[in-house]
Amino acid sequence: MIDNIKTILGSLVGKHKPSDSTVSATQLVKNLPSDEYYTALIEVIKAVSKINKDATVTLKDRISTLLYVDSQSVGMHSKLCSEFLRGSPRSKSFLPSILSYWTELSNGYQLCLRQMHSAKNFVVDGNIELATARALHHQLSLVKWSALRYIAAEGNTWQQAYHLYQFAEQEKFHTKRIALYDRLNSSISPEELLIQAAMLHLAQTDNLLPQEIEAIHLLLERLVEGVQLELQATQSEFQYVINLDMPAAPQLLRRGVLGKGCRYWSGDHVVNRLADLILDFDQGIPEAFARALPDMSLDLWRDMLQKLSTRWSQDGGKSMRRHERLSSTGQARVEVGFERIAHHLKVNRAMALGEDNLMPEWRVNDTSEVGMGLIYIGRAVESLIIGRSIWVSQKDRPHQLGIIRRVQRLPEGGTRIGVELLGSLPLPVILSENEREAVSNHNGLYITQTNAQKGKRVFIVPKSFAKPGKLLNFLANGKSYQIRISSVISQFEDCHQVEFETLERLGS
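- The name an unreviewed UniProt entry gives the protein is PilZ domain-containing protein, with Vogesella margarita as the organism.

The following block contains the structure:
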């Protein structure tokens, strides 16, 4: 089947006359196997790449081929995106294809526009408008997927999107709602596409979960409807700005941000709509959002909406910082993940931290009363997940247990990590279930009230043990107790924090 696809794809890039391209594309999509969509999509991407390099293809054939292949393959691409976001088996290998699909089609559509401009008398028809809107959608999808990977989108990525929007603005269809794909049964304007991506960037996505970033993207489809870009700043309380002439991301308007290429929009409209949506969520998750993101709990939705109301505010949420950060330098030893931390503490508990134990790929960057910033220059970035537990030890300082709250991949290399501290000197404990005859042991982490960040003991257990009323044996420092879980305090990515009551001491 795949060999047949390759044969058909070859006809798109020179085995037939350019005028045969549309016929070849029709044959291609009719023969794409739905059960081999990953392999088939790779072949589609290769074909589009070759078409982009073929200077002999006419504008008419190029644009009709790209539009048709895009329409017929978008469903396969959406499946790859969904599987990647769900973390399904082998989905990590999908990422290059996911990004290449948008990149090659965006480049192809932009080539169509350049080809059109080279003609003496060009006419902007429906196909050109659709190609522009799709190119802008694909280009801004690259921005969103940079956020999902905690990477700041490159300036060139924004700049290409700005050029596409400027063309739509110049040809006066930037506010026209266009149906990108028939199957979506919806339409959007180039202006709305750009504002959506800008607001997502302004949501400060480096400490949001991937499902939260997806949820914000979904919310913005409603929040930006009717919002318009203006040539002049207005008198509203706060505004955002895009400079179409600069390869830079959108920002909150500051003094002196002026220029012919600047476009402004008011934050009032978006935040007011967000306030209304928060009221809707007080009654439960609206049906449309429940269908789109079933793995988002109501509490997670509400927490995310409150974050947005702060981050999209007049000062971008900067006034919410309660603790001053102090610069700090020095290497550290770091373990990431609940089970790795517990194992390390059990095995190395008596080991003093010296120069030989430090990890050169980890460095402390700054500290505050409740957290710290780290820089990681290693390659194992997949383990750095928001909400995952992390243990940090520095020479001559008590080791700390915390939770990763922010991840930011740096353009110059390395990853910046923001950590919320739970406390110092975590104690490894052994947990077992009373109900089982063949008792199996599990790890736990305990921080005494004296060493806890908030002055209240911290008890971390596997997710399966975080059930109110559950009875456990608790073994620490050679002493064993029977305890009962009373409540769940916090749910983390790889473990939960619970409160417990001691029922009795076991043994002599």
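**Description of empty space enclosed by the protein**
Empty space among the atoms becomes visible once a probe the size of a water molecule is rolled across them.
Part 1 of the reasoning: This structure, assessed with the given rule, holds one cavity of 30 Å³ or more.
Part 2 of the reasoning: Taken as a whole, the largest cavity holds about 110 Å³ of empty space.
Part 3 of the reasoning: Together, His-137, Leu-140, Ser-141, Val-143, Lys-144, Leu-193, Gln-196, Ala-197, Leu-200 and His-217 line the largest cavity.
Part 4 of the reasoning: Going through the elements one at a time, helix H6 (126–148) and helix H8 (190–202) are the ones with two or more residues in the lining of the largest cavity.
Part 5 of the reasoning: At five residues, the largest contribution of residues to the lining of the largest cavity is made by H6.
Part 6 of the reasoning: Taken together, the residues that form the lining of the largest cavity break down as five nonpolar, four polar and one charged.

**Here we look at the packing of helix H3 (residues 37–53) against helix H5 (residues 95–117)**
Part 1 of the reasoning: Close contact between H3 and H5 brings their axes to 9 Å; oriented N to C, the two are set at 30 degrees. When the axes of H3 and H5 are compared, the pair comes out roughly parallel. Seen along the crossing, H3 lies across H5 with a hand that is left-handed. Taken together, the residues of H5 that come into contact with H3 (itself represented by Tyr-38, Leu-41, Ile-42, Ile-45, Val-48, Ser-49 and Asn-52) are Ser-97, Ser-100, Tyr-101, Glu-104, Leu-105, Asn-107, Gly-108 and Leu-111.
Part 2 of the reasoning: Residues that form the contact of H3 with H5 fall into these classes: eight nonpolar, six polar and one charged.

Cut-offs and rules
- Residues numbered from 1 in each chain as written.
- Predicted model: local features only at pLDDT ≥ 70, side-chain atom pairs only at ≥ 80, totals over all residues.
- Heavy atoms only, no water.
- 1 Å grid on protein atoms, 1.4 Å probe; cavity = no way out; pocket = protein on both sides within 12 Å on 5 of 7 lines; lining within 4 Å.
- Points joined across faces, edges and corners; volume = space filled by probe spheres on them.
- Helix = DSSP H or I, 4+ residues; strand = E, 2+ residues; numbered from the N terminus.
- Nonpolar A, V, L, I, M, F, W, Y, C, P; charged D, E, K, R; others polar.
- Axes fitted to C-alpha atoms, helices over the stretch in contact; angles between N-to-C directions.
- Parallel < 35°, antiparallel > 145°, perpendicular 65-115°, else oblique.
- Left-handed = near helix turned anticlockwise from the far one by under 90°.
- Contact = heavy atoms within 4.5 Å.

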